[in-house]
Amino acid sequence: MVNKKVGVVGCGTMGSGIAIVMARAGYKTIVQDLDDSKIDAGYKRINSFFEGGVKRNKLTKAQMVDYMGNIQMTTKLQDLQDCDYVVEAVFEDVDIKQSLFKNLNNICKPETIFISNTSTLSVTAMAHNTGREDKVIGVHFCNPAPLMKLVEISKALQTSEETYESVVSFSKSIGKEVVTTNDTPGFLVNLFLVPFENDCVRALEQGLGTPEEIDKVIKTGFGYPMGTFELLDIVGLDIHYEVSMSLYRQLKDARFAPPPLITKMIKAGYLGRKTGRGFYQYEKVGVFGS
């Protein structure tokens, strides 16, 4: 499959992470965003991840050069016209994603499959009236995408079996473990994870422990590879807030509502690794925690 070309729309934390996954798997990857400042930031984010891998002897300099050589950055949506798969990692809004797919329908070749990285929105709704409803599917990359093995695949009502099978094969080719979920808010991962994260923040608000102590419980007591507050700092508190609110609005379950501390920290600009401070402080601004 590596002779195929992949497009990634959006090069924030998630889009950059997905681009890293694609390039590392050998796919020619075109990363598109709205302006040069976003493209420059995304390129630096991707390059920094691979540089970190070289410093820790997880890959060679030659491998880094090969991986970066697989990536092309652009502000032009038209440059995705020859892609076999296009993955969107844009703002979590059905109308924005649906509009993007409609535009791409007029740009990409007929067989191109459109993949949404949503974890909270209806894939069925965003596939509607795109012009290729049968070729729209959800693939939720767990964050941070370059480090986490799991992806959740969610079929819209309109998704064809051919599209589904192609995307399962594609997901495995980039080194991911696949689970298939129903097209429901949160799928499986965020249905479990978001309330758990919010409960950890509430425990912090109540003074039951420090971020370090709670993360130690999560890692040592539960055996998780990363503490809740470490993960929230990587994801970004602003992103966590939006995901939480989206699920809260749809499910009307109070456990999905973000605790007041999250809002307070966002107002202070403490968004996590990308700003140098979240629940922890960081000497160097970054996002993937690798």
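Refer to the preceding data block for the structure.
No experiment lies behind these values; they were computed from the predicted model shown. (Residues numbered from 1 in each chain as written. Predicted model: local features only at pLDDT ≥ 70, side-chain atom pairs only at ≥ 80, totals over all residues. Heavy atoms only, no water.)

(A) Here's a closer look at helix α6 (residues 161-173). Given a rise of 1.5 Å per residue, 13 residues ought to cover 18 Å, and the 18 Å separating the end C-alpha atoms of α6 matches this to within 8%. Residues of α6 that are buried include every one of Thr163, Tyr164, Val167, Val168, Phe170 and Ser171, and no others. Around the axis of α6, the buried residues are gathered within 165 degrees of arc, so they sit on the same side. Opposite its buried face, α6 presents the exposed residues Glu162 and Lys172, each directed more than 90 degrees away. Looking at the residues trailing α6, positive phi occurs at Gly175, about 85 degrees. (Helix = DSSP H or I, 4+ residues; strand = E, 2+ residues; numbered from the N terminus. Expected span 1.5 Å × (residues − 1). Buried < 20%, exposed > 50% of the residue type's maximum accessible area, 1.4 Å probe, protein only. Arc of directions from axis to C-beta.)

(B) Layout of unusual backbone geometry. The omega angle of the peptide bond from Asn143 to Pro144 is 0 degrees, so this bond is cis rather than trans. Mapped onto the elements of the fold, Pro144 is located in the loop between β6 (136-141) and β7 (150-155). The residue Asn129 is not glycine, and still its phi comes out positive at about 60 degrees. Its location among the elements puts Asn129 in the loop between α5 (123-127) and β6. Notably, Phe187 is not glycine yet its phi reads approximately 50 degrees, a positive angle. Note that Phe187 resides in the loop between β8 (177-181) and α7 (189-205). Of the residues examined, Phe187 reaches a relative accessible area of 2% and is grouped as buried.

(C) Region of the structure containing the packing of aromatic side chains. Across all of its chains, the model carries nine aromatic pairs by this definition. Plain terms: the ring middles of Phe49 and Phe50 are 5.7 Å apart, the flat faces sit at 70 degrees to each other, and that makes the pair edge-to-face. With respect to burial, Phe49 and Phe50 carry one shared label: buried. Positioned above the aromatic ring of Tyr164, the side-chain terminus of Lys155 is 4.9 Å from the ring centre. The aromatic ring of Tyr270 is capped on one face by Arg277, whose charged end is 4.1 Å from the ring centroid. (Phe/Tyr/Trp six-rings, centres within 6.5 Å; stacked < 30°, edge-to-face > 60°. Lys NZ or Arg CZ within 6 Å of the ring centre and 35° of its normal.)

(D) Quick peek at the environment of Ile137. Examined against the element boundaries, Ile137 turns out to sit in strand β6. In this structure Ile137 comes out as buried when scored by relative accessible area, which is 0%. Setting aside its immediate chain neighbours within four residues, Ile137 contacts Ile113, Phe114, Ile115, Ser116, Val123, Ile153, Ser154, Lys155, Thr159, Thr163, Tyr164 and Val167. (Contact = heavy atoms within 4.5 Å.)

(E) View of the pattern of salt bridges. Under the counting rule described, the total for this entry stands at 10 salt bridges. Of the charged contacts, one joins Lys97 and Glu92 as a salt bridge, the two residues approaching to 3.0 Å between their closest N and O atoms. By relative accessible area, which is 26% here, Glu92 ends up partly exposed. A salt bridge links Asp238 to Lys274, with the shortest nitrogen-to-oxygen separation between them at 2.9 Å. With Asp238 in helix α10 (residues 237-251) and Lys274 in the segment after α11 (260-268), this residue pair connects regions lying 36 residues apart in the sequence. Using a relative accessible area of 22% as the deciding quantity, one classes Asp238 as partly exposed. Judged by its relative accessible area of 28%, Lys274 is partly exposed. A single salt-bridge network, built from bridges that share partners, covers Glu88, Glu92 and Lys97. (Salt bridge = Lys/Arg side-chain N within 4 Å of Asp/Glu carboxyl O.)

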